[in-house]
Amino acid sequence: MPAPTRERERLLSNGAAWRRWGPYLSERAWGTVREDYSADGNAWAYFPHDMARSRAYRWNEDGLAGISDDKGHMCFALALWNERDPILKERLFGLTNQQGNHGEDVKEYYYYLDSSPTHSWLQMLYKYPQQAYPYAELVEQNRERGRHAGEYELIDTGVFDANRYWDVFVEYAKADTDDILIQIRAINRGPDVATLHLLPTLWFRNVWSWGYACKKPQLSAVDPQTIRAEHATLGTYLLHADSPDQWLWTENDTNVERLFHAPNQQPFVKDAFHRYIIERDADAVNPNGYGTKAAAYFVRTADPGATITLHLRLRAVKLEAENQFDPWPNFAVLLAERKNDTDEFYAHLQPATLTAEQRMIQRQALAGLLWNKQFYYYVVEQWLSGDPGQPKPPASRLHGRNWEWRQLYNERVMSMPDKWEYPWYAAWDLAFHCLPLALVDPDFAKSQLDLLTREWYQHPNGQLPAYEWNFNDVNPPVIAWATWRIYKIEEKHYGITDRAFLERVFHKLLIYFTWWVNRKDEEGNNVFQGGFLGLDNIGVFDRSAELPTGGHIEQSDGTSWMAMFSLNMMTIALELATTNLVYEDIATKFFEHFLFIAAAMNNLGDEGIGLWDAEDEFYYDVLHLSKTDFVMLKVRSLVGLIPLFAVETVEPATLERVPGFAERMQWMLDNRPDLASLVSRWHEPGVGERRLLSLVRGHRLKCLLRRALDVNEFLSPYGIRSLSKAHQHDPYILHLDHTQYAVAYEPGESQTGVFGGNSNWRGPIWFPINYLLIESLQRFHHYFGDDFLVEHPTGSGDFHTLSSIADDLSLRLASLFTRNEQGRRPVFGDDQRFQHDPFWNDYMLFYEYFHGETGAGLGASHQSGWTSLVAKLIQQQGERVVREHADHRLHISDD
C-alpha cells in the first residue's frame, strides 16, 4: 500500500474541490453530434473546422492545452500565431471522416506529459511550426489517397524540417483548490531568430444565446496586469498576467455576418482576435475593456534555442481582498512544489523494480488518461426539441439520432477515449479506462461507473448509453467486470473495501443484465446476438446494421460476453453475500445463467446451434437464416478467443462463508449432471475443493491457445492480433444470394469503409482484448497451477505455465513503447525523427491500435483511454519482480 503523500492527502481530504479545475476542455467541439442541428445528421458538414473560430458552441468548448472548471462555465487556453498562418491557432486541426483516407484524424503534434490525480500539476507540449500551417495541402493530399495508402501527416509536409518549430510547454500548478499558476514556455528549436504571438485566453461558455433565463457572466479590466471574471455560479476570479503587451476583448458570440451573411447583433464576436491580429481589423476588438472573452496579448522574439516564458495566475477572490495580493513572489516556488508533489506520488506508486524507461512510459500513459478528462454536456431532450432562442430544428430530428434517449442528461466530467478523435464517452472504453484510473484516483474511477448507471444516464429499459453517434449501439457488457476490478484494485493498493459502491452499481447492473437477456437472446436459447459489440469491422457483415441476407447472427462473442457478465455478477453477489445473505440467492441465479449459456455454446445433446467447430477446433459466429438454415462463418478472429474471458474460480473459503449458495450449487451439480460436467473441481488437500467455472476447459482451452500462440496465426511480437494471419493468403469468402463477401488479414489500417473506416479489427493489435486475455490466463493458472503447461509459441517445443504466458504477452504489449536492441520504439514505425530526434523520441503517443506485424501506432493518436492499460501492465510486471525478489530472499534465508 503506498505511503501517504501530499497528493494522496489532497485526494482524501477534499478531492472534489481539488478536482474542481482540470484539463476538462475538449480538443474538438466542432464536428460533434452535440453541435449538429442538421436534418441529415451529418455532424462533420454541419459544423466544420472553418466555422469553429466564428461560431459559438451550444454545448461544449474547445481550445489548445486548456483547462476549465468541472461544469465548463469558464475556460482558459492558449492561442498562437507565427506570423505566417492564415488562421489564429486557437484549436487543433484535423481531417473529417470524409476527408481522411482512413477516417477522421488530427493533424497536429501534441503530448500529454504529466498530471497529478487532482490536476494540482499538469504539463502538456504542443509543437507549433514556424512556417504556415498547410491546411489545404493536408486536405488535398489525403483526399487523393486511397484506403490502401498510408495517411499524409503533418510531418510529411516538411514544416518541421530544419527544426523550424516552437516547442510550447504549458504547465499548470495549483496553489490551492481555486488558485492556479500558469507557466507557458516556448522554445525556438529553429536555426533562425523567430517571432511568436501568444494569447493566453479566458472566456465563458455561451449560455446566454439560447433563450433561457440566465445572468450573463462578464470579464472586465482591473489594471494593466489583471482582469476580473464574474460568474453567477463560480463567483469572482482574477486572472493576472505578467506584463502583457495589451489585453484584447470581445464576446463569445457567433459572427453571423461571416457565416450566414446577416447583420451581427453587436460588433464584437468570437473570431475578433483572429481578425484583429491576422486581418489587421482594429475595430474587431472591444476598446472598452470588457466582454465574455479576453486574451493577454504577448508578441515575443527569440534567438535559436532561446525560451520565451510567460506567467499567469487564475484565482478565486473575495472582492475586498483582490487589490491586496501580489501573484508573483512565490510563483517559482509553488510551481516546483507541485511538480515535486507529483514526483513523490508516482515514486510511491511505482514498484522499485521498474526501469527509468518503464517509469517514464507508465507516467506518460497515466498523464494521457488524466488529460483526456472532459466536461461532457449534452441534454438530449433539449437537443432534440431545440432552444427557444434559436430556429426550430428540422422535424425529422424528433425521430432521428438518439430520439429514444430523451432521459439522458449528460453534464459531468467524463473520461474520453481521445479528446480530439473521440471527444465523447463510450461505455466499454470507459470500463477499461477505469482500471488504470483506479491506480491513481479510485474515487474518480468509481464515479465514472456509478455515473453511467445513474437514472439520468441508464435508459429506463436498462440499456447503458453507448456513445453519442448512436446511444442505442450495443457495447460488450464489461461494466460489471470493471466494477469488480476497481473494487479489488482499491482494496489492494489503498486498503479500502468500498462495499457501498459495489452494491450501488450492482443493483443497476441487474437491470442491465435483464435488458441483455430480453433484447439480445432472440430465440431464448441462451445464445446471444449483440450486434456491433465494439469490434467495428471484424466480421463478414457490418454487425451494427441489418444483415443484407436477412436473419440474424448467433455471435460467439456476444454469447461469451454474457457468460463473462454472468460470472462477474455472481462474483460480486458472493462478495456482498458475505455480509448480507440475501445476495446468495442472486449469486445462485447468475451461476445458473452461466451454466445455461455454457451448455448452449457447447451444444449439449446436439440441440440448438453449436458455436464450436470440431474440425477447426475454434469458435465461430453462425449466420441463422431460418429455423433450419444456418451457415458457420469461419473467420478466425478474436470473436473465437473471447470465450476464454468467461472464467472464474470459486474458492473453498468463499463457499464456507456463503453456505446457502454452496448448498444450491451442489444441488445443481447433483441433479443436473448435464450441467455438472461444465464445472471443474480441483481438490487441494487441507483446503477443499476449488471450482472452475469456464466456457472452455482442458482440451478446448489448449486448442484455442494453440492458435492464439501461433506466430502464423494470432501471435505477433507485440501481442495478439485481432484476426488470424492465416487469412493473409487464405481470405474467408462467403458466397450467398449471388453475392460474395470476403474477410482478409489487414495488419494495418482498414482497407474498407465498413463502420466509417477509421479503425480496423482485421489484423491489428488492440489493448483491451489483449488485457482481458492476460487476466483470463492468470485466472486459469490460479486453478490449474504450474503443472498445466502449454507450448509457447506454438511449434517451438517450449512449454510454459499459463502465468508465464500471461507475463510474456504483457511484455510484448509493453515493448511497443520501449526501445528495442536497435534503439527503436516499434510504436513510432519508420519515422526517423520520432525514433532518433532527442526533441521527439521520448514523447509517447498511445495510439488506438497497432500494426499486427511492425507494432506501429495506428488510428487515434491520443487514445490514452484504453491504451493506458499499458500502465496497469507495467505496474503488474514491476510488482511481479518485487515478489520474485522477496521469494528469492526468503529462499536464501531458509537455506
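Residues numbered from 1 in each chain as written. Predicted model: local features only at pLDDT ≥ 70, side-chain atom pairs only at ≥ 80, totals over all residues. Heavy atoms only, no water.

Turning to the overall build of the protein chain, a few remarks are in order. Across its full length, the protein chain carries 23 helices and 35 strands. Compactness check: the protein chain gives a C-alpha radius of gyration of 28 Å against a globular reference of 29 Å for 895 residues, within 12% of the reference. Counting only C-alpha atoms and orienting by the principal axes, one finds that the protein chain spans roughly 85 × 75 × 55 Å. A total of 895 residues make up the protein chain; the buried ones form 64% of that total. In the protein chain, once contacts between residues fewer than 6 apart in sequence are set aside, the share between residues at least 24 apart is 72%. The positive charge centre, built from 86 side chains, and the negative charge centre, built from 121, are 3 Å apart in the protein chain. (Helix = DSSP H or I, 4+ residues; strand = E, 2+ residues; numbered from the N terminus. Rg over C-alpha atoms; globule rule 2.2 N^0.38 Å. Buried < 20%, exposed > 50% of the residue type's maximum accessible area, 1.4 Å probe, protein only. Contact = heavy atoms within 4.5 Å. Lys, Arg positive; Asp, Glu negative; His and termini not counted. Charge placed at Lys NZ, Arg CZ, Asp CG, Glu CD.)

For the rest of this paragraph, the subject is unusual backbone geometry. Cis rather than trans, the peptide bond between His-792 and Pro-793 has omega equal to -10°. Along the chain, the position of Pro-793 falls in the loop between strand E32 (789–791) and strand E33 (799–801). With phi around 65°, His-738 is a residue other than glycine that occupies positive phi space. With respect to the helices and strands, His-738 occurs in the loop between strand E30 (732–736) and strand E31 (739–743).

We now examine the pairing of strand E18 (residues 373–379). In terms of burial, E18 is largely enclosed, as seven of its seven residues are buried. Residues Lys-373, Phe-375, Tyr-377 and Val-379 point to one face of E18 and Gln-374, Tyr-376 and Tyr-378 to the other, with burial holding for every one of them.

Note that Asp-341 resides in helix H7 (residues 331–349). Classification of Asp-341 as buried rests on a relative accessible area of 3%. With sequence-adjacent residues up to four places away left out, Asp-341 is seen in contact with Arg-6, Glu-7 and Arg-10.

It is worth spelling out the nonpolar core at this point. Core analysis: the biggest nonpolar cluster contains 196 residues, and Met-570, Phe-591, Leu-644, Leu-802 and Phe-817 have the highest contact counts within it. Membership of the second largest hydrophobic core comes to 70 residues, among which are Ala-52, Leu-92, Leu-199 and Ala-295. (Core = buried A, V, L, I, M, F, W, Y, C linked by side-chain atoms within 4.5 Å.)

Let's shift gears to the packing of aromatic side chains. Within this structure, the stated rule accounts for 67 aromatic pairs. Centre to centre, the rings of Trp-428 and Phe-432 are 5.6 Å apart; their planes meet at 75°, and the pair counts as edge-to-face. Taken together, the residues Trp-428 and Phe-432, both in helix H10 (residues 427–440) and four residues apart, mark about one turn of the helix. Measuring from ring centre to ring centre gives 5.4 Å for Phe-834 and Trp-840, while their planes differ by 35°; the resulting arrangement is tilted. Comparing Phe-834 with Trp-840, the two get one shared label, buried. Each residue in the set Tyr-37, Trp-59, Phe-375, Tyr-376, Tyr-377, Tyr-378, Trp-383, Trp-405, Tyr-425, Tyr-457 and Phe-471 is aromatic and connected to the rest through ring pairs, giving one cluster. For Arg-28, the ring lying beneath its charged end belongs to Trp-30, and the centroid distance is 5.7 Å. We note Arg-28 situated over the ring of Trp-420; from NZ or CZ to the ring centre the distance is 4.7 Å. (Phe/Tyr/Trp six-rings, centres within 6.5 Å; stacked < 30°, edge-to-face > 60°. Lys NZ or Arg CZ within 6 Å of the ring centre and 35° of its normal.)

Read from one edge of the open sheet, six strands run E1-E2-E3-E10-E16-E14, paired in antiparallel fashion. Looking at the sheet topology across the chains shown, the edges are occupied by strand E1 (21–22) and strand E14 (246–250). Sheet topology note: the strand E3 (residues 74–81)/strand E10 (residues 194–204) ladder contains eight bridges and is antiparallel. Paired with Leu-80 across the two strands is Leu-198, which belongs to E10. (Pairing = 2+ DSSP bridges.)

Among the structural elements, Glu-490 can be located in helix H12 (residues 479–494). The exposure class of Glu-490 is buried, given its relative accessible area of 2%. Along the chain, Glu-490 and Arg-313 lie 177 residues apart, while their C-alpha atoms are 35 Å from each other. With sequence-adjacent residues up to four places away left out, Glu-490 is seen in contact with Pro-442, Asp-443, Lys-446, Gly-495, Ile-496 and Asp-498. Among the polar contacts listed, one links the side chain of Glu-490 to the side chain of Lys-446, at a separation of 2.9 Å. (Polar contact = N/O pair within 3.5 Å; in protein donor to acceptor, adjacent residues only side chain to side chain.)

Keep in mind that these numbers describe shape and distance, not what the molecule does.
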